[in-house]
Amino acid sequence: MSSNRYTIALFGGTFDPVHFGHLRMALELSQALKVDEMRLVPSHQPRHRQTPGVSAEQRRQMLALALDGCDELQLDERELNRPGPTYTVDTLEELRAELGEEVSISFCMGLDSLLTLPSWHRWERLLQLAHLVVVIRPGWKLPRQDVDGSHGAVAALLEKHAGGIADLHAQPCGRLVVREQTLLPISSTHIRYLIGSGQSPRFLLPAAVLQYIEDNQLYRTAATGGQ
Ligand SMILES: Nc1ncnc2c1ncn2[C@@H]1O[C@H](COP(=O)(O)OP(=O)(O)OP(=O)(O)O)[C@@H](O)[C@H]1O
Ligand SMILES: O=C(O)c1ccc[n+]([C@@H]2O[C@H](COP(=O)([O-])O)[C@@H](O)[C@H]2O)c1
């Protein structure tokens, strides 16, 4: 990109456990967006879902193993170090205070997460702090304001803030960029289910992460959930 604005992208998640779907998505996004840094940000206590099956420290260690030797992706531990429920707006406010007003910050998410955005803590503040990058599967449709009453707030946001990759380098925050990208059909829920029912999740996640899970006997009782 012609602009020399420093650009950072964040990819947040529970990572319970991290798998190749997360890692591929983060790497492909990092290359497509041409960011200077792509950080994976494990959440401590996600307010919107059940408490993760393993400790925050174990999820951190699995991510660290997954990223070992990978220069393109970094681990950002700030949410694990912050007590209380984890809110993205707090993370972005912290980062903005740390990095100043000019650095471009993008928070990346799947379409499933975007559709829940109006329930996020202080969600209207998010675009004042960062860009949002939304990944959709090829051929998937975004909600449109005139036809989709159920996602009206999201559709309005998409219309008002629509932008492209160049905008991520031209301004520090405020644009919503939609990317079509093929997602590997892997979920942490399915991996937990496989382990809990005595089957192997090999080839769905890095070998070092699987070794850690086996060494620490994680997820042995989590035999619920499918794909
Ligand atoms: N297979 C995948 N490919 C790309 N991105 C994914 C994939 N699975 C999840 N994501 C994205 O990764 C982020 C973190 O997801 P999360 O940690 O909840 O993983 P998950 O596999 O969906 O877990 P769970 O099954 O426990 O809900 C979210 O933005 C989500 O949209
Ligand atoms: O801030 C919020 O209220 C909020 C609500 C739901 C999800 N998030 C963030 O969205 C990211 C993906 O969440 P999840 O549940 O798919 O792991 C993760 O970084 C969460 O902290 C944030």
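For the structure, see preceding data.
A short tour of the structure in this document, coming up. The structure presented is a predicted model; accordingly, all values stated were derived computationally and were not measured.

### Looking at the overall build of the protein chain
Check the secondary structure of the protein chain and you find nine helices and seven strands. Taking 227 residues into account, the globule formula puts the C-alpha radius of gyration at 17 Å, and the protein chain, at 18 Å, falls close to it. With respect to the three principal axes, the spread of C-alpha positions in the protein chain is 50 × 40 × 35 Å. Counting the 227 residues in the protein chain, one finds 33% classified as buried. Considering only residue pairs separated by 6 or more positions, the protein chain has 75% of its internal contacts joining residues 24 or more positions apart.

### What to know about the sheet that holds strand S4 (residues 104–110)
In spatial order, the strands read S3-S2-S1-S4-S5-S7-S6; together these seven strands make up an open sheet with parallel pairing. The open sheet has two free edges, formed respectively by strand S3 (73–75) and strand S6 (162–163), since each of these has just one partner strand. Two strands pair when backbone bridges link them, and strand S1 (residues 7–13) and S4 are joined in this way by five bridges, in the parallel orientation. The residue bridging threonine 7 from the neighbouring strand is serine 104, located in S4.

### A short note on the site of ligand 1
Surrounding ligand 1, one finds 17 residues, the nearest of these being Gly13, Gly21, Gly110, Ser188 and Thr189. Here the element with the most residues in the shell around ligand 1 is helix H1 (residues 20–33); it accounts for three residues. Residues of the shell around ligand 1, tallied by class, amount to six nonpolar, nine polar and two charged.

Basis of the calculations
- Residues numbered from 1 in each chain as written.
- Chains lettered and ligands numbered in written order.
- Predicted model: local features only at pLDDT ≥ 70, side-chain atom pairs only at ≥ 80, totals over all residues.
- Helix = DSSP H or I, 4+ residues; strand = E, 2+ residues; numbered from the N terminus.
- Rg over C-alpha atoms; globule rule 2.2 N^0.38 Å.
- Buried ≥ 20, exposed ≤ 12 C-beta atoms within 10 Å, placed from the backbone.
- Contact = placed C-beta atoms within 7 Å.
- Pairing = 2+ DSSP bridges.
- Near = placed C-beta within 6 Å.
- Nonpolar A, V, L, I, M, F, W, Y, C, P; charged D, E, K, R; others polar.

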